[in-house]
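Letter by letter, the chains look like this.
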Amino acid sequence: MINPSAIDLKSLPWLLPVLTAISDRDWVRFKELEVSFANTHGIETWADVFNFRIMPALEPEAKRWLLVTKCSQGIKSAKILD
């Protein structure tokens, strides 16, 4: 199990821009912040923090927007298997 306490959750400077991007419905900014966080702390930590800290705090409309936007993006890349 990932330990999100390894991240400084007291100061939360990374959280405000993520919540602002969601509030503004700014998908491009949200993805930039997601990638930056995952590159710094690891994809597993991002998944844990996002699923158990960010998502529960969001209003239903924001959750719906994230789901619809994510699903509407389609596949960005594909790997051809021989």
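Heads up: the structure comes first, above all this text.
Structural notes, computed from the coordinates. Chains are numbered independently. Their residues run from 1 in the order of the written sequence. Per-residue local features of the predicted model are confined to residues with pLDDT of at least 70, and side-chain atom pairs are confined, for both listing and counting, to 80 or more; whole-chain, interface and lining totals are unaffected and use all residues. For side-chain calculations, the full set of non-hydrogen atoms in the structure is used, while hydrogens and water are omitted.

So, on to the packing of aromatic side chains. We call Phe, Tyr and Trp rings a pair once their centres come within 6.5 Å, taking the six-membered ring for Trp, and we label the pair stacked below 30 degrees between planes, edge-to-face above 60, and tilted otherwise. Scanning the model with the defined rule gives 7 aromatic pairs in all. Geometrically, the ring pair formed by Trp-27 and Trp-65 is edge-to-face, given 6.1 Å between the ring centres and 75 degrees between the ring planes. Taken together, the residues Trp-27 in helix H2 (residues 27–41) and Trp-65 in helix H4 (residues 60–72) connect sequence positions 38 residues apart. Just as Trp-27 is buried, Trp-65 falls in that class too. The rings of Trp-14, Trp-27, Phe-30, Phe-37, Trp-46, Phe-50 and Trp-65 are connected pair by pair, giving a single aromatic cluster. Segments assigned H or I by DSSP are reported as helices when at least four residues long, segments assigned E as strands when at least two residues long, and all are numbered from the N terminus. We call a residue buried when its accessible area falls under 20% of the maximum for its residue type, exposed when it is over 50%, and partly exposed in between, using a 1.4 Å probe and counting protein chains only.

This part takes up the layout of surface pockets. Take a probe with the size of a water molecule and roll it over the atoms, and the empty space left behind shows itself. Buriedness of a pocket was judged along seven lines, with at least five required to meet protein on both sides within 12 Å; pockets are open sets of points on a 1 Å grid over the protein atoms alone, cavities are sets where a 1.4 Å probe fits but cannot get out, and lining residues have an atom within 4 Å of a point. Grid points are joined across faces, edges and corners, and a volume is the space filled by probe spheres set on the points. Taken as a whole, the largest pocket holds about 170 Å³ of empty space. Considering the residues around the largest pocket, the lining is formed by Trp-27, Phe-30, Lys-31, Glu-34, Trp-46, Phe-50, Met-55, Lys-63, Leu-66, Leu-67 and Lys-70. At the level of secondary structure, the elements contributing two or more residues to the lining of the largest pocket comprise H2, helix H3 (43–54) and H4. Grouping the constituent residues of the lining of the largest pocket by class yields 7 nonpolar, no polar and 4 charged. Think of it as three bins: nonpolar holds Ala, Val, Leu, Ile, Met, Phe, Trp, Tyr, Cys and Pro, charged holds Asp, Glu, Lys and Arg, and polar takes everything else, Gly as well.

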